[in-house]
Amino acid sequence: EAGVAQSPRYKIIEKRQSVAFWCNPISGHATLYWYQQILGQGPKLLIQFQNNGVVDDSQLPKDRFSAERLKGVDSTLKIQPAKLEDSAVYLCASSLEGVTEAFFGQGTRLTVV
Amino acid sequence: GDSVTQMEGPVTLSEEAFLTINCTYTATGYPSLFWYVQYPGEGLQLLLKATKADDKGSNKGFEATYRKETTSFHLEKGSVQVSDSAVYFCVGGQGAQKLVFGQGTRLTINP
C-alpha cells in the first residue's frame, strides 16, 4: 500500500516570498491533516479536511496560510507571504473516516531566510 | 481541551538498558492513545496503539498499557538498541477529532 506522498522534501525561500506544498493521501482516506512541526516541538494541527470540507482550521494563520483539497483527494498548503517563524517541517497525514489513527508523510522542511 | 504530557528529554541510555518514557493524558472522554516514533530524517511512524482501558499495545519490543485509573500510557522496552534512537511522541485522539501530541522525547542509545 502506498503511503502519504508529499513534495517537495526541502524548500528554502526568502521572507515575504510565497511557497506551496503538495500532499497525496493514502487511497480511500477521507480525512487529511496538515501539521506544522517547529524544531524541538510536537506537531501542531493547522487544518483538518473531511473529504472536501474543512473540519478544523482554528490554528491556521489565515492571513498568510491557505489550504485546499480538490475533489477530496490531493491537497495543497500555501504560505504567502512567508515569515522567518514559518521555518518548520510541514507534515501531511491521512486517516480513514471516523478513525483517529493517522498515517504521516515524510514532510516538507521549509527554511525561510 | 484535551492534552498530553510526556516525560521531557533528552534521554540517554546504554544499549540493553531498560526504557520508560512516561505519558499522561487529560481528556473529557476516553481517547485512543498512540506512540509515534520519528527516526532521524524520517516522517512520523505509528509505533503502537491502544483504544480502550487496559489495552496493551506492543511492537518491536516496545509496550504500553492504557491505564484509565492513572490516565497514563507509559512506553517501556526491556532492552534498548542503538537503532531505537529517535524522538518518541505520545499522542491522544478521539474519533474523528484531531490528534493531540505530547512535546516529544528524544532518546539516544549509546553502544
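Scoring rules and cut-offs
Throughout this document, residue positions are counted from 1 along each chain, in the order its sequence is written. Chains and ligands are labelled by the order in which they are written, letters from A for the one and numbers from 1 for the other. Owing to the predicted nature of the model, reporting of local features is limited to residues with pLDDT of at least 70; listing and counting of side-chain atom pairs is limited to 80 or more, with chain, interface and lining totals taken over all residues. Hydrogens and water are ignored here; the side-chain numbers use all heavy atoms of the structure. What counts as a helix is a DSSP run of H or I of at least four residues, what counts as a strand is a run of E of at least two, and both are numbered from the N terminus. This radius of gyration counts C-alpha atoms alone. The globule rule is 2.2 Å times how many residues there are, raised to the power 0.38. Exposure classes here rest on a 1.4 Å probe applied to the protein chains alone. A residue is buried below 20% of its type maximum, exposed above 50%, and partly exposed in between. We call two residues in contact whenever any of their non-hydrogen atoms come within 4.5 Å of each other. Each accessible area value is a Shrake-Rupley result obtained with a 1.4 Å probe; residue values ignore everything except the protein chains displayed when judging cover. When charges are tallied, Lys and Arg are placed among the positive residues and Asp and Glu among the negative ones, while His and the ends of the chain are skipped. Where a charge lies is defined by one atom per residue type: Lys uses NZ, Arg uses CZ, Asp uses CG and Glu uses CD. Buried area counts how much accessible surface, traced with a 1.4 Å probe, disappears from two parts once they are put together, with both parts' losses summed. Salt bridges are defined as contacts in which a side-chain nitrogen from Lys or Arg sits within 4 Å of a carboxyl oxygen from Asp or Glu. Here a polar contact is recorded for every N or O atom pair within 3.5 Å, except that within protein the pair must consist of a potential hydrogen donor and a potential acceptor, and residues adjacent in sequence are included only if both atoms are side-chain atoms. The set of buried Ala, Val, Leu, Ile, Met, Phe, Trp, Tyr and Cys residues whose side-chain atoms join them within 4.5 Å is what this entry labels a nonpolar core. In short, DSSP must find at least two bridges between two strands for them to pair. By definition, pLDDT measures how confident the predictor is in each residue, and it falls between 0 and 100.

Counting secondary structure elements, chain A contains zero helices and eleven strands. The linear arrangement of helices and strands in chain A, starting from the amino end, is β-β-β-β-β-β-β-β-β-β-β. For chain A, whose C-alpha radius of gyration is 13 Å, the value lies close to the compact-globule estimate of 13 Å for 113 residues. A principal-axis box enclosing the C-alpha atoms of chain A has dimensions of 40 × 25 × 25 Å. Looking at chain A as a whole, 47% of its 113 residues qualify as buried. Taking as baseline every contact in chain A between residues at least 6 positions apart, the subset at least 24 positions apart corresponds to 52%. Accessible surface, chain A as shown: approximately 5,600 Å² in total, 51% of it carbon and sulfur. For chain A, the separation between the mean place of its 12 positive charges and that of its 11 negative charges on side chains is 8 Å.

Time to look at the interface of chain A and chain B. Across the boundary between the two partners, chain A contributes 21 residues, which contact 19 residues of chain B. Here chain A meets chain B over a buried area of about 1,500 Å², counting both sides, of which 52% is carbon and sulfur. Three residues, A:Thr100, A:Glu101 and A:Phe104, lead the burial of chain A against chain B; their summed loss comes to 35% of the area buried on that side. The tally of links from chain A across to chain B stands at one salt bridge. A salt bridge links A:Glu101 to B:Lys49, with the nearest nitrogen and oxygen atoms 2.5 Å apart. Linking chain A to chain B there are four residue pairs in polar contact (both at pLDDT 80 or more). Mapped by element, the contributors of at least two residues to the side of chain A that touches chain B are β4 (31–37) and β5 (44–50) of chain A. In terms of residue count, β4(A) provides more of the side of chain A that touches chain B than any other element does, three residues in total.

This paragraph deals with the nonpolar core. Judged by nonpolar contacts, the single largest core of 26 residues is most densely connected at B:Trp35, B:Leu47, B:Leu48, B:Phe73, B:Leu75 and B:Tyr88. Those elements giving two or more residues to this core turn out to be β2 (11–14), β3 (19–21), β4 (23–26), β5 (32–38), β6 (44–50), β8 (62–65), β10 (86–93) and β12 (105–110) of chain B. Grouped together as the second largest cluster of nonpolar side chains are 21 residues, A:Ile47, A:Phe65, A:Ala88 and A:Tyr90 included.

A few words now on the pattern of salt bridges. Oppositely charged side chains may form a pair once their charged atoms are brought near each other. Residue and element names in this part refer to chain B. Counted by the stated rule, this structure contains six salt bridges over all chains. For Asp 55, the salt bridge is made with Lys 52, and the minimal N-O distance between the two is 3.2 Å. Two residues, Lys 77 and Asp 84, come together in a salt bridge whose shortest N-O distance is 2.8 Å. Relative accessible area serves as the criterion here: at 10%, Lys 77 is assigned to the buried category.

Residues and elements named next belong to chain B. With four bridges joining them, strand β7 (residues 56–59) and β8 adopt antiparallel strand pairing. Note on β8: the bridge partner recorded for Gly 57 is Ala 64. What sits between the antiparallel neighbours β7 and β8 is a turn of two residues, in which Lys 60 has the positive phi angle 55 degrees.

A separate point is the side chain of A:Gln37. Mapped onto the secondary structure, A:Gln37 falls in strand β4. Of the polar contacts made by the side chain of A:Gln37, one reaches the backbone oxygen of A:Gln41; its length is 3.2 Å. If we ignore the near neighbours within four places in the chain, the residues touching A:Gln37 are A:Gly42, A:Pro43, A:Ala88, A:Val89, A:Leu91, B:Gln38 and B:Phe89.

What follows is about the confidence of the model for chain A. Mean pLDDT for chain A: 93, with 99% of residues reaching 70 or above. Across chain A, the secondary-structure element scoring lowest on mean pLDDT is strand β6 (residues 53–56) of chain A, at 91, and the one scoring highest is strand β8 (residues 75–79) of chain A, at 98.

Topologically, A:His29 is positioned in the loop between β3 (19–24) and β4. Among all residues touching A:His29, those that are not within four sequence positions of it are A:Arg69, A:Ser94, A:Ser95, A:Leu96 and A:Phe103.

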